[in-house]
Amino acid sequence: MTREEYMKLPICQSCGMPMQSPEQYGKHADGSANPEYCIYCCPEGEEKMQGTLEEMIETCARIETKMGLHPDEATAKEKLAAYLPTLRRWKK
Ligand SMILES: [Zn+2]
């Protein structure tokens, strides 16, 4: 996949993960695909989505640091605390 293709992928509006295939899309309550969210954030419809923004920052920081995207968790948390609130789920 080229960088251009990667940039065009739909992004989960809860955790910011780019979704590379329809299997990674979340679901509506009726089981149909919801490409706004990933399957991890939204497996059973938006009404059933759990967790707070703070928990999302913690979880993503741990995963993304493991993936080597950030030098350490403190940096990861700082970046995520600035980025995640721009996604639709957290915009109020
Ligand atoms: Zn997600």
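Caption draft 1: Broad picture of the pattern of salt bridges. One pass over the full model with this rule turns up 2 salt bridges. In this structure, Arg88 engages Glu36 in a salt bridge whose closest nitrogen and oxygen atoms are separated by 2.2 Å. You can see Arg88 sitting in the segment after helix 3 (73–83) and its partner Glu36 sitting in strand 2 (residues 33–38), a full 52 residues away along the chain. For Glu36, a relative accessible area of 29% corresponds to the partly exposed category.

Caption draft 2: Fine view of the domain arrangement of the chain. Segmentation of the chain into domains returns domain 1 (1–50) and domain 2 (51–87). Computed from C-alpha atoms alone, the centre-to-centre distance between domain 1 and domain 2 is 18 Å. Contact with domain 1, which involves 9 residues of that partner, is made by 6 residues of domain 2. In total, domain 1 and domain 2 occlude about 540 Å² of area from one another, counting both sides; carbon and sulfur atoms represent 58% of this. It is Gln13, Cys15 and Gln50 in domain 1 that bury the most area against domain 2; as a group they hold 62% of the surface buried on that side. Applying the counting criterion to the domain 1 and domain 2 interface returns 0 salt bridges. Remark: the boundary between domain 1 and domain 2 carries 0 residue pairs in polar contact (both at pLDDT 80 or more). Among the residues making up the side of domain 1 that touches domain 2, the classes are represented as 5 nonpolar, 4 polar and no charged.

Reading the values: the criteria
For every chain, the first residue of the written sequence is number 1, and numbering continues from 1 onward in sequence order. Owing to the predicted nature of the model, reporting of local features is limited to residues with pLDDT of at least 70; listing and counting of side-chain atom pairs is limited to 80 or more, with chain, interface and lining totals taken over all residues. Side-chain measures here rest on the full set of heavy atoms in the structure, leaving out hydrogens and waters. The term salt bridge refers to a pairing of a side-chain nitrogen on Lys or Arg with a carboxyl oxygen on Asp or Glu at a separation within 4 Å. Strands are runs of DSSP state E lasting at least 2 residues, helices are runs of H or I lasting at least 4, and numbering of each runs from the N terminus. Any residue under 20% of the maximum accessible area for its type is buried, any over 50% is exposed, and the rest in between are partly exposed; the area is computed with a 1.4 Å probe on protein chains only. Boundaries between domains were set according to an automatic or database domain assignment. The criterion used for residue contact is that any of the two residues' heavy atoms lie within 4.5 Å. Here the buried area means the combined drop in accessible surface, using a 1.4 Å probe, for two parts upon being joined, counting both sides. The definition of a polar contact used here is a pair of N or O atoms within 3.5 Å, where within protein one atom must be able to donate a hydrogen and the other to accept one, and adjacent residues in sequence count solely through side-chain atom pairs. When residues are sorted by character, Ala, Val, Leu, Ile, Met, Phe, Trp, Tyr, Cys and Pro go into the nonpolar class, Asp, Glu, Lys and Arg into the charged class, and all the rest, Gly among them, into the polar class.

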